[in-house]
Amino acid sequence: THNSPAVPVVRQLPVNTEPLVAENRVVERSSSNFIAEAAEKVGPAVVRIDAARQLSRNEPGSLNNPLFKRFFGDQLPQSDERVRRGTGSGFIVAADGRLITNAHVVDGANTVLVTLKDGRTFEGKVKGVDDLTDVAAIKIDVKDLPIAPMGSSERIVPGQWAIAIGNPLGLDNTVTVGIISATGRTSSQVGIPNKRVRFIQTDAAINPGNSGGPLLNDQGQVIGVNTAIRANAQGLGFAIPIETAVRIANQLFEKGKADHPFLGVQMVELTPKIKEEMSEQLEVKLLKDRGVLIVRVVEDSPAAKAGILKGDILQKVSGIAVTTPAQVQEEVHQKAVGEELALEINREGQVQNLKLKTTVFPESALSGD
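Think of each chain on its own: its residues are numbered from 1, step by step along the sequence as written. With the structure being a predicted model, the display of local features is reserved for residues of pLDDT at least 70 and the display and counting of side-chain atom pairs for 80 or more, all residues being used for whole-chain, interface and lining totals. The basis for every side-chain value is the complete set of heavy atoms in the structure, and neither hydrogens nor water enter the calculation.

Focus on the overall build of the protein
At step 1: Strands are runs of DSSP state E lasting at least two residues, helices are runs of H or I lasting at least four, and both sets are numbered from the N terminus onward. The helix and strand tally for the protein stands at eight helices and 20 strands.
At step 2: To sort residues, take the accessible area from a 1.4 Å probe on protein chains only and compare it with the maximum for the residue type: under 20% means buried, over 50% means exposed, and anything in between is partly exposed. When each of the 369 residues of the protein is scored for burial, the buried share is 45%.
At step 3: In the protein, 62% of the contacts between residues at least 6 apart in sequence involve partners at least 24 apart.
At step 4: We get accessible surface area from the Shrake-Rupley algorithm with a probe of 1.4 Å; when it comes to residues, only the shown protein chains can shield them. For the protein, the exposed area adds up to about 20,300 Å²; of that, 48% sits on carbon and sulfur atoms. Whether two residues are in contact is decided by their heavy atoms, any of which lying within 4.5 Å being enough.

Here's the deal with the confidence of the model for the protein
At step 1: pLDDT measures how confident the predictor is about each residue, on a scale from 0 to 100. Across the protein, pLDDT averages 82, with 78% of residues at or above 70.
At step 2: Long-range and interchain partners of residues 59-63, a stretch whose pLDDT sits below 50, account for 20 contacts in this model, where long-range means more than four residues apart.
At step 3: Below a pLDDT of 50 lies the segment residues 76-81, which in the model reaches 15 contacts outside its immediate sequence neighbourhood of four places, other chains included.

Examining the pairing of strand S7 (residues 161-166)
One face of the sheet, then the other: side chains in a regular strand alternate in exactly this way.
At step 1: Counting buried positions along S7 yields five of six residues, so the element is predominantly enclosed.
At step 2: Note that S7 and strand S8 (residues 174-185) share six bridges and pair antiparallel. What sits directly across from Ile-165, in S8, is Val-175.
At step 3: Summarising the sheet, S7 and strand S10 (residues 214-216) pair through two bridges and their orientation is antiparallel. From the neighbouring strand, Ile-163 faces S10, where its bridge partner is Leu-216. When DSSP finds two or more bridges between a pair of strands, those strands are recorded as paired.

What about the side chain of Asp-312?
At step 1: By secondary structure assignment, the location of Asp-312 is in the loop between helix H7 (302-306) and strand S16 (313-317).
At step 2: Look at Asp-312 and you get buried, because its relative accessible area is 1%.
At step 3: Under the rule applied, a polar contact is a pair of N or O atoms within 3.5 Å (in protein, one hydrogen donor and one hydrogen acceptor; residues adjacent in sequence only if both atoms are side-chain atoms). Separated by 2.8 Å, the side chains of Asp-312 and Arg-347 make a polar contact.

Considerations on the pairing of strand S11 (residues 222-227)
At step 1: When you tally the buried positions in S11, you get six out of six residues, the bulk of the element.
At step 2: Pairing analysis gives four bridges linking S11 to strand S12 (residues 237-241), with the strands arranged antiparallel. When the bridges of S12 are listed, Thr-227 appears paired with Phe-238.

Some words on the sheet that holds S7
The strands that make up a sheet are held in pairs by hydrogen bonds between backbone atoms, and each pair lies either parallel or antiparallel.
At step 1: Around the barrel, which closes on itself, the six strands sit in the order S7-S8-S9-S12-S11-S10 with antiparallel pairing between neighbours. Strand-to-strand twist across the sheet, computed as the mean angle between neighbouring axes with direction ignored, equals 45 degrees.
At step 2: With three bridges connecting them, strand S9 (residues 199-202) and S12 associate as antiparallel partners. The residue bridging Ile-200 from the neighbouring strand is Ala-239, located in S12.
At step 3: Against the sheet, helix H1 (residues 34-42) contacts S7, S8 and S10, and its axis sits at roughly 35 degrees relative to S7.
At step 4: Inter-axis angles, ranging from 0 to 180 degrees, are taken between N-to-C directions of lines fitted to C-alpha atoms, where helices are fitted over the stretch in contact. Packing against the sheet, helix H5 (residues 242-255) makes contact with S11 and S12, and its axis sits at approximately 50 degrees to S12.

Here's the deal with the environment of Val-297
At step 1: Looking at the secondary structure, you find Val-297 in strand S15 (residues 291-297).
At step 2: The spatial distance from the C-alpha of Val-297 to the C-alpha of Gly-264 is 6.0 Å, given a sequence separation of 33 residues.

As for the environment of Lys-285
At step 1: When you line up the elements, Lys-285 lands in the loop between helix H6 (272-282) and S15.
At step 2: A relative accessible area of 55% means that Lys-285 is categorised as exposed.
At step 3: For the pair Lys-285 and Gly-349, spaced 64 residues apart in sequence, the C-alpha separation works out to 8.5 Å.

Topic: H1
At step 1: Within the span of H1, buried status applies to Ala-38, Ala-39 and Val-42. The arc enclosing the buried residues of H1, seen along the axis, measures out at 95 degrees, which places them on a common side. Throughout, the arc means that of the directions going from the helix axis to the C-beta atoms.

Quick look at a nonpolar patch on the surface
At step 1: Together, Trp-161, Val-177 and Ile-179 make up an exposed nonpolar region whose accessible area comes to about 250 Å².
At step 2: As for its placement among the helices and strands, Ile-179 is situated in strand S8. Distance thresholds for patches are 9 Å for like charges and 5 Å for nonpolar side chains (Val, Leu, Ile, Met, Phe, Trp, Tyr), applied to residues having over 30% relative accessible area and no salt bridge. Any carboxyl oxygen of Asp or Glu within 4 Å of a side-chain nitrogen of Lys or Arg constitutes a salt bridge here.

What to know about H5
At step 1: Each residue after the first adds 1.5 Å to the expected span of a helix. With 14 residues, H5 extends 20 Å from end C-alpha to end C-alpha; this agrees with the ideal 20 Å at 1.5 Å per step.
At step 2: Among the residues making up H5, those that are buried are Ile-242, Thr-244, Ala-245, Ile-248, Ala-249, Gln-251, Leu-252 and Phe-253.
At step 3: Immediately downstream of H5, the backbone of Gly-256 shows phi near 80 degrees, a positive value.

Here we look at the packing of aromatic side chains
At step 1: Aromatic pairs are defined between Phe, Tyr and Trp rings, using the six-membered ring for Trp, whenever the two ring centres lie within 6.5 Å; interplanar angles under 30 degrees are classed as stacked, those over 60 as edge-to-face, and all others as tilted. The full count for this structure, using the stated rule, is three aromatic pairs.
At step 2: Between Phe-262 and Phe-361 the ring centres are 5.5 Å apart and the planes differ by 80 degrees, which places this aromatic pair in the edge-to-face class. With a gap of 99 residues between them, Phe-262 in strand S13 (residues 261-262) and Phe-361 in the segment after strand S20 (359-360) connect regions that are remote in the sequence. The same class applies to Phe-262 and to Phe-361, which are both buried.

Below, the structure is given as structure tokens:
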């Protein structure tokens, strides 16, 4: 007999003709971490700031946000080409509508748009701007707002966590994370020698639009104000210490301006090479090759009245040893305007102790004074 090969039996599965429906399940969030908790806590206090300023006749610009027309239509010029729009971040420091941001975010604007995380938009009044520290104060007329909790930058060290929240490139409430890369960066090191800030450096991503937003520690407390000041920086971000920002903002809210103590000297860090060059230029006998050398004294300034001379070498400010101009500035800016300072100088090998009272930093002061 002939045996035929076995034929496999195919069973047809039942066909489901009902339409597919996504199940509306509640998915539990993965275990929380300190970054998510910090962002959740502080995020509602972070705002978006849209500022418009009138341009000079030759400056290009545009007005793209229809909300500007809605809020400020009567105040803006008829031609869109005469207005420049900028976007940045800020954060709420008081439930009555007080905000902190960067001075360069508002950039000449008296009125700005402030958008909360919940989408509400308010007209904000710029209460004051301080270009020396790049801090600005804004007030919106609304109550019971969430507040960003304040921390301290005084004891942070490189390697600690850093969390940034802001609106980079217009992407609202973006959270980035990194570490504290360095502390006490001088304005000269950062590339903006006309500022009076000792910056926090971080590798948390800070891009245009992040400016004015908070830098947080791992507890979700504000330790700095982010500032995107180096357009060519990659992996480098900088922040203004929160103590500086709050001190300046309080003055701006109170009187519309901030006062900075002024000595009236121009200084350089003394090195063996500088010693050789400056001894001849200043016509003085420099017996040290390290320290802070006074190369100019402003006429009728506190330094001039105290008897400081070109060629003097600053050794101590208020009992604190100093070796760089940045250290001198830091010690001076810890004091209030008019507060007495004790200075120790070396003048041609002789140590002298002088006292002076600072005055308000004048707008006409040269960089480095």
